[in-house]
Amino acid sequence: MKHYLEYKDSGIEWIGKIPAKWEVIKLKYIMQNFDGKRIPLSSEQRAEMRGDYPYYGSNGIVDHVNDYLFDGEYILLGEDGAPFFEAYKDVAFFMRGKFWVNNHAHILKAFKGHDQKFLTFALNCVEYRRYITGSTRDKLTQDDMSSIELPIPKDVEQKAIADCLDRKTAQLDELVIKKERMIELLKEERAAIINQAVTKGLDPKVEMKDSGIEWSPRIPKKWQARPVKASFHVQLGKMLQNESGSFGDQLVPYLKALHVNWSDIEMSDLPEMWASFSDLNQYGIQDGDLLICEGGEVGRAGIVIDPPKGCIIQNALHRVRARKDSDIRFLKYVLYAVAEAGWFSILCNKATIAHLTREKLI
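As a convention, each chain's residues are numbered from 1 in the sequence order in which they are written. For this predicted model, a pLDDT threshold of at least 70 governs which residues receive local features, and a threshold of 80 or more governs which side-chain atom pairs are given and counted, while totals over whole chains, interfaces and linings are taken from all residues. Hydrogens and waters are ignored; side-chain quantities use all the structure's heavy atoms.

**Some words on the overall build of the protein chain**
Then, number 1: Along the protein chain, the regular secondary structure elements total eight helices and 19 strands.
Then, number 2: A compact globule built from 362 residues would reach a C-alpha radius of gyration of about 21 Å, whereas the protein chain, at 29 Å, exceeds it by more than 25%.
Then, number 3: Burial classes: relative accessible area under 20% of the type maximum marks a residue as buried, over 50% as exposed, and values in between as partly exposed (1.4 Å probe, protein chains only). Counting the 362 residues in the protein chain, one finds 40% classified as buried.
Then, number 4: Two residues qualify as a contact provided that any one of their heavy atoms is within 4.5 Å of a heavy atom in the partner residue. A sequence separation of at least 24 residues applies to 66% of the contacts in the protein chain between residues at least 6 apart.
Then, number 5: Accessible area for the protein chain stands at about 21,800 Å²; split by element, carbon and sulfur atoms hold 51% of it. The numbering of helices and of strands both runs from the N terminus, where a helix is a DSSP run of H or I of at least 4 residues and a strand a run of E of at least 2. For the radius of gyration, the atom set is restricted to C-alpha positions; the globular benchmark scales as 2.2 Å times the number of residues to the power 0.38. Accessibility throughout is a Shrake-Rupley quantity obtained with a 1.4 Å probe, and a residue counts as covered only by protein chains that appear here.

Structural data, given as structure tokens:
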């Protein structure tokens with residue numbers, strides 16, 4: 001990127017210094033507002049107007065309809081519900097062609113002498129905390145939007161910067177797509193390796209036999225098909241208790257299903273519930289325990305490492321401990337293979353909310 005010989009203070013905290021020949025100008029002096037031409041459509045109205053023209057909201061395309069309100073080059077800027085405070089997410093979009101816009105996005109067009117793409121990039125760099133109002137839903141009003149100050153170079157330089165950013169962002173977008181595809185391929189390979197190991201072992205030439213297990217019909221000849229309870233002890237967690245029920249109850253941290261991931265278990269900033277001394281023994285956790293989600297994404301499991309003192313589990317989790325001569329890590333990988341094969345949804349006969357009951361698990 002080009003470096004300039006001289007810079008000056010913009011007077012705007014989020015902008016900082018700008019090239020000496022640039023100006024800081026309020027949005028209302030460089031763009032025309034067409035919000036008055038927006039028309040929101042209900043889902044029922046859109047269902048009756050199915051077509052090929054995109055129907056836009058604050059976060060992009062919402063639907064497609066058979067008519068349009070705008071034709072040409074414009075900038076859409078989120079009014080409410082846009083990700084104003086989420087890093088790396090755009091709130092402004094350059095538009096070209098025929099489209100419809102609802103009342104959740106401002107629609108703007110640059111005055112002559114300003115480059116629309118440059119202004120789109122600039123709007124995606126604004127510190128919106130200075131302009132956003134709304135206690136429950138972030139909203140950028142027309143007045144606040146009009147007062148947004150932007151760093152503005154000459155029109156020729158605007159176009160040069162926009163052209164450069166188009167090239168650079170296109171290259172980065174292509175790299176992101178390739179990386180995402182690579183991540184997906186690695187995930188598939190990971191799942192395949194785990195499935196191979198937990199259903200066939202480490203010897204690719206091992207002799208196999210029928211298992212009687214639906215999700216893994218063939219297993220090595222020397223293996224046995226046994227229920228979970230034969231090798232592991234399973235304990236469902238405690239019902240949430242908001243008030244002390246007896247003398248000796250104390251507030252203790254507890255884990256919910258959302259805290260458990262395949263890679264780790266979130267142990268910071270845990271909620272608390274009332275529990276007795278016997279509860280701590282019955283529902284407490286220790287290093288090496290396997291926690292399995294009873295609800296939500298059923299079957300998702302993680303191994304406990306260094307839990308907080310006195311931590312217990314809520315009844316959305318099963319705590320599993322290995323009996324003699326069993327390895328808890330093997331069960332975790334088995335559960336992962338079952339999940340990847342989609343068998344938990346079949347096992348739980350999901351209708352509305354799936355539950356992996358103790359009876360189904362063991």
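Anyway, onward from the coordinates.
**Thoughts on the environment of Glu266**
Then, number 1: Its place among the elements puts Glu266 in the loop between strand S14 (250-255) and strand S15 (272-275).
Then, number 2: As for Glu266 and Ile305, which are separated by 39 residues in sequence, their C-alpha atoms are 10.0 Å apart.
Then, number 3: Discounting residues that sit within four places of it in the chain, Glu266 has contacts with Leu255 and His259.
Then, number 4: Polar contacts, as counted here, are pairs of nitrogen or oxygen atoms within 3.5 Å of one another; within protein the pair requires one atom able to donate a hydrogen and one able to accept it, and residues that are adjacent in sequence qualify only if both atoms are side-chain atoms. At 2.2 Å, the side chain of Glu266 forms a polar contact with the side chain of Ser268.

**Observations concerning the pattern of salt bridges**
Then, number 1: Here, a salt bridge means any Lys or Arg side-chain nitrogen found within 4 Å of an Asp or Glu carboxyl oxygen. Counted by the stated rule, this structure contains 18 salt bridges.
Then, number 2: A salt bridge links Asp210 to Arg218, with the shortest nitrogen-to-oxygen separation between them at 2.9 Å.
Then, number 3: For Asp210, a relative accessible area of 62% gives the class exposed.
Then, number 4: Here the salt bridges share partners, and the residues they tie into one network are Asp35, Arg38, Glu79 and Lys139.

**Details of the environment of Lys221**
Then, number 1: Residue position: Lys221 is located in the loop between strand S12 (218-220) and strand S13 (232-236).
Then, number 2: Exposure remark for Lys221: the relative accessible area of 48% places this residue in the partly exposed category.
Then, number 3: For the pair Lys221 and Met208, spaced 13 residues apart in the sequence, the C-alpha separation amounts to 4.8 Å.
Then, number 4: Once you skip the residues sitting within four places of it in the chain, Lys221 turns out to touch Glu207, Met208 and Lys209.

**Some remarks on helix H4 (residues 155-200)**
Then, number 1: In this analysis, the expected span of each helix is defined as 1.5 Å times one less than the number of residues it contains. Given a rise of 1.5 Å per residue, 46 residues ought to cover 68 Å, and the 66 Å separating the end C-alpha atoms of H4 matches this to within 8%.
Then, number 2: In the core, the buried residues of H4 are packed alongside helix H2 (116-123), strand S10 (149-152), strand S11 (208-210), S12 and helix H6 (328-340).
Then, number 3: One or two steps after H4, the chain reaches Gly201, where phi turns positive at roughly 80 degrees.

**Section: the nonpolar core**
Then, number 1: Each nonpolar core is a collection of buried residues, namely Ala, Val, Leu, Ile, Met, Phe, Trp, Tyr and Cys, held together in the definition by side-chain atoms within 4.5 Å. Grouped together as the largest cluster of nonpolar side chains are 31 residues, with contacts concentrated most on Met31, Leu123, Tyr128 and Leu150.
Then, number 2: For this core, the elements supplying multiple residues, two or more each, are strand S7 (70-78), strand S9 (105-110), H2, S10 and H4.
Then, number 3: The dominant element in this core, judged by the number of residues it contributes, is H2, at four residues.
Then, number 4: Leave out the neighbours within four places in its chain, and Met31 touches Ile75, Leu108, Lys109, Ala110, Phe111, Leu119, Leu123 and Leu150.
Then, number 5: Counting 25 residues, the second-largest nonpolar core is a separate cluster that includes Ala191, Val320, Tyr336 and Leu361.

**Regarding the sheet that holds strand S17 (residues 301-303)**
Then, number 1: Across the sheet, which stays open at both edges, the four strands sit in the order S13-S19-S16-S17 with antiparallel pairing between neighbours. With partners counted over all chains shown, the strands left at the sheet margins are S13 and S17, one partner each. Going from strand to strand, the sheet's axes swing by 25 degrees on average, the running direction of each strand aside.
Then, number 2: At least two DSSP bridges between two strands are needed for those strands to be called paired. Bridge analysis of strand S16 (residues 290-293) against strand S19 (residues 317-322) gives four bridges, and the strand direction is antiparallel. Looking at the pairing, Leu291 lines up with Arg319 of S19. Note on method: axes are straight lines fitted to C-alpha atoms, helices fitted across the in-contact stretch only, with angles between N-to-C directions ranging 0 to 180 degrees.

**Observations concerning the pairing of S7**
Then, number 1: The pairing of S7 with strand S8 (residues 92-101) spans eight bridges and is classified as antiparallel. Bridge pairing in S8 places Glu73 opposite Arg96.
Then, number 2: The pairing of S7 with S9 spans four bridges and is classified as antiparallel. Note on S9: the bridge partner recorded for Gly78 is Ala105.

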